[in-house]
Each structure stands twice: as C-alpha cells, then as structure tokens.
Amino acid sequence: MALEGGMKCVKFLVFIFNFIFWVCGVALVAIGIYAQVALNKALVVGSAPAASSPVAILVVGIVIFFVSFFGCCGAWKESYCMVTTFAVLLSIIFLVEIAAAIAGYVFKDKVRSKLEEGLWDTMRKYGEDQPLTEAVDKLQEDFHCCGASNYTDWSTIEQFRANDTVPRSCCRIDTTTCNVHPSPATVYEKGCLPAMEAWMKKNILIVAAVALGIAFFEILGIIFTCCLMKGIRSGYEVM
C-alpha cells in the first residue's frame, strides 16, 4: 500500500508538473509574440540571427505546449509508451535549450555586427524604399535615437550630406526646420544601435529568468516521469 500510495503521489506530481510546464509553454509563446512585435519596430534590418530569435522562442513555446499535453495524457492513462515518449521529448527539449543558450552566447558578437550592418544598409536606402523608410522613422521615434552610432552617421549618406540634414524622425521636437544643421540640442544624439542593445540587455533578464524557471521544472519533470515509468513498467496500480 505504501508503494501504491507513493506511485499515486508521483502520478499527481507528474500531472501538476505538466500543468506548470503547459503554463511555461504559454508564457514562452507570449514572450515570443511580444519580442517579435517589439523587434518588428526595432529590427529594420535583414539580420537573420537577430530576427529569428523571437520566432525560435515562439516555436519552442508551441512545442512545449503540445508536449506537456502529451505528458498529461500519458500520466492520466498510465501509458508506458506515452510516458516514455514524453520523457524522451522533454530531455531533447532540455538539451536543445542548453545548446541554444550556448550558441547565443558564442555568437552574440556576430549578431551585433549583423545588426549594425543591417542598420547601415537601411539608412542607405532611406527615401528609396517606403516600408524601410517608415521602419527607420518608427525606430528612431520609439527609441529616441538617430543614426547607427550617433546622429552624425546621417552625414555620410549623400542625400543628407548635401544639405546638412537628418530625417525629421531624429528631432527632439518636431518642427519644420528641426532636422536642418542638426546638433545635440535639436536631434537625438544617441545612435540606434546602442539604444537597441540597451533594450535587449534590459529584456534579456526577463527571458533568462523564464528560461531558468522552465529548465528547473524540466529537470523535475524528467525525474518524476522516470519514476512513473518505473512504476508503470513494474505493474503497480497507480489509480
């Protein structure tokens, strides 16, 4: 009876874990959508490594959502096959998350260089491509920034160098002549690259905290699931 009661407890813990894991999946989906919406305003660049990050978070969240549902069914039906499959999938997700974290740290400088390269590319196309022009304006208005590194970057673009101007989206206060002969008093001095980096550093803490929480529950889930697998295989009644 003690063992039976213990297995009932394990089954209950696996079920509770999967509910928490399901909530974590929903949280990741929400974070992925939030990051995608935010970066749609910030990433006016063709930087694949940076632009794909929110999509990756979103995909992982969706996978976790369905895997946790699969685990709940396996625990409820006491199916050894389903529970084993869940444990394997959960272990794979955990390893993929570790690999993604390592890759993110290793390639962080490459992402920065791609981001800077993309910013310069869109600045050169300013006024020629309407969607890109609007995206640059939105970026500068939202982040209160101007240029890539600082507002003087626009002086290297021919159309702005000729008349010593910057886009009006750089202006601190929008007037008809605020972008003519720009200075720190009339336009945002800070560049968009450092502004975006500051935004990412601020928000990465939220992502890291959520990731650590999910990793902790994943480890618990693997342990509890393995215990349940052992109980089911041994033929003990869990119900």
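Our subject in this report is the structure included herewith. None of these values were measured; they are calculated from a predicted model.

1. Quick notes on the packing of aromatic side chains
- For the structure on display, the rule yields seven aromatic pairs.
- With a centroid separation of 6.1 Å and an interplanar angle of 25°, the aromatic rings of Phe19 and Trp22 are classed as stacked. Of this pair, Phe19 and Trp22 are both found in helix α1 (residues 2–42), three residues apart, which corresponds to roughly one turn of the helix.
- Centroid distance Tyr126 to Trp154: 5.4 Å. Interplanar angle 70°. Geometry classified as edge-to-face. You can see Tyr126 sitting in the loop between α4 (108–124) and α5 (130–143) and its partner Trp154 sitting in the loop between α5 and α6 (158–161), a full 28 residues away along the chain. Each member of the pair, Tyr126 as well as Trp154, carries the same accessibility label: buried.
- Among the aromatic side chains, those forming a connected cluster through ring pairs are Phe19, Trp22, Phe65 and Phe66.

2. Focus: the pattern of salt bridges
- For the coordinates displayed, the defined rule picks out four salt bridges.
- With a closest N to O distance of 3.8 Å, Lys138 and Asp142 form a salt bridge. Placement of both Lys138 and Asp142 in helix α5 is noted, with a separation of four residues, approximately one turn of the helix.
- A relative accessible area of 40% places Lys138 in the partly exposed class.
- The exposure class of Asp142 is partly exposed, given its relative accessible area of 34%.
- Arg168 is paired through a salt bridge with Asp174; the nearest N and O atoms lie 2.8 Å apart.
- With relative accessibility at 40%, the residue Arg168 sits in the partly exposed group.

Calculation notes
- Residues numbered from 1 in each chain as written.
- Predicted model: local features only at pLDDT ≥ 70, side-chain atom pairs only at ≥ 80, totals over all residues.
- Heavy atoms only, no water.
- Phe/Tyr/Trp six-rings, centres within 6.5 Å; stacked < 30°, edge-to-face > 60°.
- Helix = DSSP H or I, 4+ residues; strand = E, 2+ residues; numbered from the N terminus.
- Buried < 20%, exposed > 50% of the residue type's maximum accessible area, 1.4 Å probe, protein only.
- Salt bridge = Lys/Arg side-chain N within 4 Å of Asp/Glu carboxyl O.

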